[in-house]
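Below are the chains, spelled out letter by letter.
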Amino acid sequence: MLEQHSFGYWLRLQRKALDLTREGLAGRVGCSAATIRKIEAEERRPSEQIVELLAQVFNIPPNEQTAFLRFARGEWKSAPAETSGGLPWHVSAMLPRSNLPAPVTSLIGREQEIADVHEYLLREDIRLVTLIGPPGIGKTRLSIEAAHQSVADFSDGVFFIALAPLDDPSLIVSTIIQTIGFVEINDRSPIEWLKDCIRNKQILLVLDNCEHLIEEVAPLASELLAGCSRLKIIATSRESLRVPGEWLYPVPTLDNPKEASAIDMETASAFPALVLFAERAQAARSDFVLNADNLQPVVSICARLDGLPLAIELIAARIRLMSPQSLLSRLDDRFVLSADGMRAVSARQKTLNRAIGWSYDLLSAEEQKLFAWLSVFSGGFTLDAAEAIFSRTSTEKSVSDLVASLLDKSLLQHVLHEHGESRFNMLMTIQQFGLHHLRRISEETEVHNWHLAHFLDLAEQADSEIHGPNQVEWTDRLEKELDNFRAALDWSVSNQKAELALRLLGALSWIWFVRDRFSEIRGWFDRIRALPEINAHPALYARLLNHMGHQNWLSGDFRGARSVLAESREIWGKLGMEGERGLAEALDYLGMIARSSEGDHKTAQSFFERSFELYQKHEDPWGMAFVSFNLGISAGQRNDDDSALSLLEQSLELFHQLGDVWGMARASQWLGQVFLKQGNYEKAHFFLSQHLRIDEGLHFKQGTMIALLNLGELYRYQGNLDQAEQFYEKSLAMCREYGLKGDWGQALYSLGMIALRHSDYPLARRRFMSYFDSTWSVTGMISACDLLSGLSAVAAGTNQPERAARLYGAAQALFDLTDYRIPPFDFAEFDRHVQLTRGQLGKAMFETLTTEGHAMTMEQAVAYALENVL
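Residues numbered from 1 in each chain as written. Predicted model: local features only at pLDDT ≥ 70, side-chain atom pairs only at ≥ 80, totals over all residues. Heavy atoms only, no water.

## Side note on the overall build of the chain
Then, number 1: Check the secondary structure of the chain and you find 43 helices and seven strands.
Then, number 2: Overall, the C-alpha framework of the chain stretches about 115 × 75 × 50 Å when taken along its three principal axes.
Then, number 3: Considering the chain as a whole, with its 870 residues, one finds that 53% of them fall into the buried category.
Then, number 4: Expressed as a percentage of contacts within the chain between residues at least 6 apart in sequence, the contacts between residues at least 24 apart total 68%.
Then, number 5: If you sum the accessible surface of the chain, you get close to 38400 Å²; carbon and sulfur atoms cover 50% of it.
Then, number 6: A distance of 3 Å separates the average location of the 85 positive side-chain charges in the chain from that of its 114 negative side-chain charges. (Helix = DSSP H or I, 4+ residues; strand = E, 2+ residues; numbered from the N terminus. Buried < 20%, exposed > 50% of the residue type's maximum accessible area, 1.4 Å probe, protein only. Contact = heavy atoms within 4.5 Å. Areas by Shrake-Rupley, 256 points an atom, 1.4 Å probe, with all protein chains shown as cover. Lys, Arg positive; Asp, Glu negative; His and termini not counted. Charge placed at Lys NZ, Arg CZ, Asp CG, Glu CD.)

## Some details on helix H5 (residues 65–72)
Then, number 1: Along H5, the positions that sit buried rather than exposed are Ala67, Phe68, Phe71 and Ala72. For H5, the arc enclosing every buried residue in end-on projection is 140 degrees, short of the 170-degree limit, so these residues lie on one face.
Then, number 2: Looking at the packing, one finds that the buried side of H5 touches helix H1 (7–17) and helix H4 (48–57).
Then, number 3: Gly74 lies just past H5 and shows a positive phi near 85 degrees. (Arc of directions from axis to C-beta.)

## Comments concerning the sheet that holds strand S2 (residues 158–162)
Then, number 1: Pairing is parallel in the open sheet, where five strands are placed in the order S2-S3-S4-S1-S5. This sheet does not close on itself; its edge strands, each paired only once, are S2 and strand S5 (246–250). With direction set aside, neighbouring strand axes in the sheet form an average angle of 20 degrees.
Then, number 2: Two elements, strand S1 (residues 128–132) and S5, share five bridges in a ladder whose sense is parallel. For Leu131, the partnering residue across the bridge sits in S5 and is Tyr249.
Then, number 3: Lying over the sheet, helix H6 (residues 111–122) contacts S1, strand S3 (204–208), strand S4 (232–237) and S5, oriented at roughly 175 degrees with respect to S5. (Pairing = 2+ DSSP bridges. Axes fitted to C-alpha atoms, helices over the stretch in contact; angles between N-to-C directions.)

## Some remarks on the packing of aromatic side chains
Then, number 1: Counted under the stated rule, the structure contains 35 aromatic pairs.
Then, number 2: Seen from their ring centres, Phe513 and Phe700 are 5.6 Å apart, and the 65 degrees between their planes marks the pair as edge-to-face. Highlighted residues: Phe513 in helix H25 (residues 498–514) and Phe700 in the loop between helix H34 (681–698) and helix H35 (701–717), separated in sequence by 187 residues. Of the two residues examined, Phe513 and Phe700, each falls in the buried class.
Then, number 3: In this structure an aromatic cluster arises from ring pairing among Trp510, Phe513, Phe518, Trp622, Phe626, Phe629, Phe655, Trp662 and Phe700.
Then, number 4: Geometry around Phe727 places Lys730 over its ring, the cationic atom sitting 5.2 Å from the centre. (Phe/Tyr/Trp six-rings, centres within 6.5 Å; stacked < 30°, edge-to-face > 60°. Lys NZ or Arg CZ within 6 Å of the ring centre and 35° of its normal.)

## Comments concerning the packing of helix H2 (residues 22–29) against helix H3 (residues 33–40)
Then, number 1: At a minimum axis separation of 8 Å, H2 and H3 run at an interaxial angle of 105 degrees. By the angle class used here, H2 and H3 are roughly perpendicular. Facing Arg22, Glu23, Leu25, Ala26 and Val29 of H2, the residues of H3 in contact are Ala33, Ile36, Arg37 and Glu40.
Then, number 2: In terms of residue class, the contact of H2 with H3 is built from five nonpolar, no polar and four charged. (Parallel < 35°, antiparallel > 145°, perpendicular 65-115°, else oblique. Nonpolar A, V, L, I, M, F, W, Y, C, P; charged D, E, K, R; others polar.)

## Regarding the pattern of salt bridges
Then, number 1: All chains considered together, the criterion is met by 39 salt bridges.
Then, number 2: Here Glu481 and Arg423 are joined by a salt bridge, their closest N and O atoms 2.8 Å apart. Taken together, the positions of Glu481 in the loop between helix H23 (471–480) and helix H24 (482–494) and Arg423 in strand S7 (residues 422–425) put the pair 58 residues apart, joining distant regions of the chain.
Then, number 3: Using a relative accessible area of 5% as the deciding quantity, one classes Arg423 as buried. (Salt bridge = Lys/Arg side-chain N within 4 Å of Asp/Glu carboxyl O.)

## Looking at the environment of Leu248
Then, number 1: Locating Leu248 in the fold gives a position in strand S5.
Then, number 2: Leu248 sits 79 residues away from Pro169 along the chain, and the two C-alpha atoms are 23 Å apart.
Then, number 3: Among residues more than four places away in sequence, those in contact with Leu248 are Tyr120, Thr130, Ile132 and Ser240.

## Points about the packing of H34 against H35
The relative placement of two packed helices comes down to the angle between their axes together with the axis-to-axis distance.
Then, number 1: The geometry of H34 relative to H35 is characterised by a closest axis approach of 8 Å and an angle of 160 degrees between their N-to-C directions. What the angle tells us is that H34 and H35 run roughly antiparallel. Relative to H35, H34 is oriented so that their crossing is left-handed. Contacts from Tyr681, Ala684, His685, Leu688, Ser689, His691, Leu692, Asp695 and Glu696 of H34 reach H35 at Gly703, Thr704, Ile706, Ala707, Leu708, Asn710, Leu711, Leu714, Tyr715 and Tyr717.
Then, number 2: Looking at the contact of H34 with H35 residue by residue, the class counts come to 11 nonpolar, six polar and two charged. (Left-handed = near helix turned anticlockwise from the far one by under 90°.)

## Let's talk about the nonpolar core
Then, number 1: Of all hydrophobic cores here, the largest spans 227 residues; its most connected members are Phe277, Leu374 and Phe390.
Then, number 2: The contact partners of Phe277, leaving out residues within four places of it in the chain, are Phe288, Val298, Ile301, Cys302, Ile312, Ala316, Ile319 and Leu327.
Then, number 3: Listed in part, the 34 residues of the second largest apolar core include Cys197, Leu207, Ile214 and Leu224. (Core = buried A, V, L, I, M, F, W, Y, C linked by side-chain atoms within 4.5 Å.)

## What to know about the confidence of the model for the chain
Then, number 1: With 91% of its residues at a pLDDT of 70 or more, the chain shows a mean pLDDT of 86.
Then, number 2: Contacts from residues 78–86, a stretch scored under 50 in pLDDT, to residues over four places away or in other chains number 10 contacts. (pLDDT = per-residue confidence, 0-100.)

## Quick word on the pairing of S1
Then, number 1: Across the five residues of S1, five count as buried, placing the element largely inside the fold.
Then, number 2: Of the two faces of S1, both are covered, the one formed by Leu128, Thr130 and Ile132 as well as the one formed by Val129 and Leu131.
Then, number 3: Pairing of S1 with S4 involves five bridges; the strand directions are parallel. Its bridge partner lying in S4, Val129 is registered against Ile234.

What follows is the structure, encoded as structure tokens:
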């Protein structure tokens, strides 16, 4: 029957049997050498024309060419039975000798790696390729598969040398001699005899698992390559051999989705980690199928296992005992590290604990200790951090030398970030092994305390500089250490270190606020607030209360904001002079709440003025800049534009002097809005564009969203509705992507106004409804005013004049109760529809119906507006 290897493999054998290069064969069939390479690598199928020419080159008889075409096109299994005789095109040239193990499972997701290693072996200038990587990454399997692909390229044989079972270095050369099939001669040096036997033969050696014998394997490989001109070697090792001519190939983990929410059944097959899990799980339980119900937990499992093939295979086998959901819930370090493998595999591959232990046992005592210490880092670390924390201990080698050694041995991974910053991390399974040993040597508490102290110092240094010229750099730096800060917070809270927890979250709160981590700050605050010694540190606690008041205000929780700020205000008051700086901040936030939730500008003004006095007393320029900013907003909302511009420009100048770009963006935002209200579009565009540029640079998502919204307003007022709509949609997209609320209701309202301008009344209705749904719980009466006005215009445009008149009357009643007024630009659009209604009904009927609407309560008016909405 037809040979059970691919057409590409067969073609490579036959080409070499005729002593043809790829270029030579390409010339005969009229294609490029690259095309021949791709056909041999099974990356593409030959065209019928190329197959016909290949049939001529290899003398395929005419009556066999139909079957030959099927073979070439990948359909050889369906070839007719009569072709099963000894046909010349399916009888391979004599295969080179090989002892490569035959695979018993499929190799998933390594097509590119196999092709890469094979390409290395085809290059004349590369004679040693070392596959390096951490335990369980699949170096051995990749080396075998790459060697299988290369059999046709080594006429004198391809040989696999398993070094893992060898404990005695003196047996290495004898093992190679016996594997190749040479006979040792007692009176000759084994290495010299091996070189003489190989000499000019075209041989590929696969030296597997070199790490435990690396001091002996490295010089042996170098000597063999120097003495045998056509010999090539694939080595697998946790670290490089470090010999001349070595090419390193770091074996990557399997691709896995970064976020479980970003994957669905249509795209799951593109991720080898998921495919491997599904196949190995099905091998353990035949009814297992990756589907929509279990996809998310499987993605999370593979992510927790870092896409490490051995870990995935061992854990997937547990599917015979439990569901993916149960597996995920049990995925702690003990469960992962102790998961059993197959009985037939080597002892070191039966569990991850043994696989990693194989590398750990080869480390020096110094390396073992630092390896365990480094496991306390979460999300990676810089060399500076490792040296700062661990240089306190005296060792023969420096921390940097030991880190470099662990990196060489594939127990650490190296990542080069933008701007050239180097970071190191451990795969999760290796980190779990390290933490286990840290506990075993009874140093877990001490090392975690060192880690906490370092990151607390870093956070407090950042907090002291966050309002200065290095704001962006510090924000970016702390963002990279996010997981380490989480680990430090968790350690401090879990061990009831109330003071340290308060200090750490207090130092992080402003920076995390800029990066939109509202819910995370709230979660840590709730945990810290429950600690028993919280009241022993009143200033630290009150500072956190201030932060929470600010964040509750931003999220529209005015009641919660007032509550925590009332508590902090009481604490600051009891602290006397010591508490005045914190009291100034609390009063500033209380003024913001009074202004926003109640429109009580008088109370807000009182809070702001007292806050400014305290900041001024303590010579705090940032506080004065922030209060000036708030006073400017209040003036603008009272339509005192001259005062608003003066105060906002004063705030902008103070922020500029401090180098605080976040503050500059806030002042620019409101300056742009005041100029927009005045119709000074040129200045509005300048300040709003500056606002957007700064917040994009800060990666401040909420600020960026508002900047896009305000620029949309600018373009709408200028009559550029298409451009406006694009900016509104970008703003809404950011809200949806990052879960922001903020002013996104304003974008929906403005989109409703655009639809109204286009007389697209069904779209306008939907947008006004969405606006109301998103803002009703936050702005209440204001949302109701906008809803009633918008739906009144929609009713007028859809030939419902009675409904339009009642809604208009109801809206006017709410306007009478508040200081809120629709912007003049929008009022003109609403008034156009009011006049349309008045003309349809007549003056008397219009006034009668508007009076009915005016008599409704707000709840009645909203209920009426929502009736029969399509």
